Amino acid sequence: MNKHVRAVALGKEPGDVLLRNGKIVDVLTESVYGGEVVLADGVIAGIAPYGTYSAAKKEIDVAGAFIAPGLINAHCHVESSMAAPEHYCAEELAWGVTTLITDPHEIANVAGAEGIRYMLQAGGHMPINYYVQLPSCVPATPFEHAGCIMDAAAMVELMDEPGVLGVGEMMNVPGVLNDAPDVLAKLELALQKKRVIDGHAPMLGGTALQAYAASGIDTDHESISWAEAREKLRAGMAVLVRQGSASKNLQVVLQGALAEGVDVQNMAFCTDDKHLADIRKEGSIRHCVKMAVALGMNPVRALRMASINAAKIYGLHRLGAIAPGWQADIVVFDNLEALRPLHVFHKGEDAVAKAAKVVPLVPAPALQGSVRPAPFTEADFAVEKFAAEKEYPVIRMLPGEILTAKESIGGADVPAALAAGSLHMIAVLERHHGTGYMGLGLIAGYGLRNGAVATTVAHDSHNLIVIGSTPKDMAVAAHQLVHLQGGYTLVEAGQVKGSVPLAICGLMSSAPAEQLIVSLEEIRTLAHAQGVPKGIDPFISLSFMALPVIPHLRITDMGMFDVDKFAFCEG
């Protein structure tokens, strides 16, 4: 027990920080009341009426502003921001998020345990609560080659690392329902240790959902309708309401919850994946709260979803409320409509100021040298590989969607379609172990003229993916990414027109957030000017073309894949 904290609470000793003249946002009773808050030794020592506490090392008159618990992002992939963890955390802190529940699924597919430990260390030295749910599906499927395989034995070695909470999103729903031994071993590991297991069960319902929930799955963030969310809540699962850059489900889910007047105690907010520029513009969980209030939710209830609800779901003791003895993670908002953060505290210290002084970790050399495909040449992308007498599947990209359509073309028509720009070649090169695996296929709807685009962000195994209309341009783009050790690149007429290095596992940049945001916007603008249509993100849309679990047609380093048949295309 901390005698000093008790003495501060009693007014016998000065605290570290005293927040005067505030309005306390009490998520425990869903009320707001006037008072002041004194902090000591990283916790809230006491809350009392105005003028109760006479002294502290630092006093801040918040002048009627709202003293709320720090916000919690209940499920996010830091790597999807393409920023190093330190820069990502700084952006979250600026908008009042003091706790992150992360799933380092992306870096685990590249670097396994070493990548996860890097994320824990890089996030762990920031003034933020940085937690990890261990990735449960690495690789996501057996239809591609990832940089690492993480089985239950590998997870055992990490489960007791500081900052690890439990098991990340279990995407292998068929494996759960059909008693796959490797899947059950991962679930049993978490269950034995009484850890939280995150789910990933889009549109799952009926008896299948019952069996999935009965297997020990605690949460789900994939609900795209209120009916889906309600069924999962009734199955005992926590629903993490998602509002990211691509997947935006908050409005439809909360409209249903508000219309029916349900208790939201088992609901929290998350982003899943949100672009760095979007976080810089509007925040992450603060934006969720603001949307919820605009839909008619009581502001304090919305803040409850953004704080203590998430803390309870993940078993975070004495976190997520303004109460004595609770960790002093606090955000002071100007009001409950605009929700502009005036002060952000983590363990009683100015988190934004402290974050600005942190020097980012330098990743180990292996994490900055992960782009290692087997040697390749222009000939590997030769148009002649498409025989005139054969019929070939074509991926049709759809504006505003990561779903694709299935088309086909005769081999004899391929050269003319490539020359006309109505068709492009697409290739995925295994880039982790130099195995030489390479899938080559055809894609329509991308629109790029006279060039190529390549990226090492290629969900979920993050191999090197390149698209273009000529073998030369494709080879130039792919070689540029090997030279940079990962990132984005754009080629026009055989010349590199722009690149964004992502040298940390080919996924993240060590550049400051403001520099990275500008670089990403510049290369996207250049790609659109070169013909990529609106509704197609030149790089993010491309990165999903290698994910063989989203209908209908995809490509991996092993070839063209028909998701509907769950099999590789013939030929």
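First things first, this report covers the structure right here in the doc. (Residues numbered from 1 in each chain as written. Predicted model: local features only at pLDDT ≥ 70, side-chain atom pairs only at ≥ 80, totals over all residues. Heavy atoms only, no water.)

**Structural notes on the sheet that holds strand S25 (residues 553-556)**
Convention followed: A pair of strands is treated as paired once DSSP finds two or more bridges between them. Numbering of helices and strands runs from the N terminus; a helix is a DSSP stretch of H or I covering at least four residues, while a strand is a stretch of E covering at least two.
Taking strand neighbours across the sheet as the criterion, the three strands line up as S25-S26-S27 in an open arrangement whose pairing is antiparallel. Both outer strands of the open sheet, S25 and strand S27 (567-568), are each paired with one neighbouring strand and no more.

**Focus: the side chain of arginine 242**
This is how the line gets drawn: Here the term buried applies to any residue with accessible area under 20% of the maximum for its type, exposed to any over 50%, and partly exposed to those in between, with areas from a 1.4 Å probe on protein chains only. What qualifies as a polar contact is a pair of N or O atoms within 3.5 Å, subject to a donor-acceptor requirement within protein and to the restriction that residues adjacent in sequence count only when both atoms come from side chains. It only takes one pair of heavy atoms within 4.5 Å for two residues to be counted as in contact.
Note that arginine 242 resides in strand S12 (residues 238-242). Given a relative accessible area of 5%, arginine 242 falls into the buried group. In this structure the side chain of arginine 242 is engaged in a polar contact, spanning 3.2 Å, whose partner is the side chain of glutamate 222. With near-sequence residues (within four places) excluded, arginine 242 lies in contact with His221, Glu222, Ile224, Ser247, Lys248, Asn249, Leu250, Cys270, Thr271 and Asp272.

**Overview of the pairing of strand S2 (residues 31-40)**
When a strand is regular, its side chains alternate between the sheet's two faces. In this structure, strand S1 (residues 15-26) lies alongside S2, joined through eight bridges in antiparallel fashion. Note on S2: the bridge partner recorded for lysine 23 is glycine 34. Judged from the five bridges that link them, S2 and strand S3 (residues 43-48) form a sheet pairing that is antiparallel. Paired with alanine 40 across the two strands is valine 43, which belongs to S3. Here S2 hands over to S3 after two residues, with aspartate 41 in that stretch at a positive phi of 50°.

**Points about the environment of glycine 42**
For glycine 42, the location among the structural elements is in the loop between S2 and S3. Judged by relative accessible area, glycine 42 falls into the buried class, the value being 17%. It is 7.5 Å that separates the C-alpha atoms of glycine 42 and glutamate 349, two residues lying 307 residues apart in sequence. Here glycine 42 is in contact with Gln327, Ala328, Lys347 and Gly348, once residues within four sequence places are set aside.

**Overview of helix H8 (residues 226-234)**
Condition: The directions from the helix axis to the C-beta atoms form the arc being described.
Listed as buried for H8 are Trp226, Glu228, Ala229 and Lys232. Taken down its axis, H8 places every buried residue within 160° of arc, on the same side. Taken together, the buried residues of H8 touch helix H7 (206-214), strand S11 (219-220), S12, helix H9 (250-260) and strand S13 (267-270). Looking one or two residues past H8, glycine 236 carries a phi angle of roughly 85°, positive in sign.

**Points about the environment of glutamate 231**
Here glutamate 231 shows up in helix H8. C-alpha separation for the pair glutamate 231 and alanine 379, spaced 148 residues apart in sequence, amounts to 53 Å. In this structure glutamate 231 touches Gly205, Gly206 and Leu209, once residues within four positions along its chain are discounted. In this structure the side chain of glutamate 231 is engaged in a polar contact, spanning 2.8 Å, whose partner is the backbone nitrogen of glycine 206.

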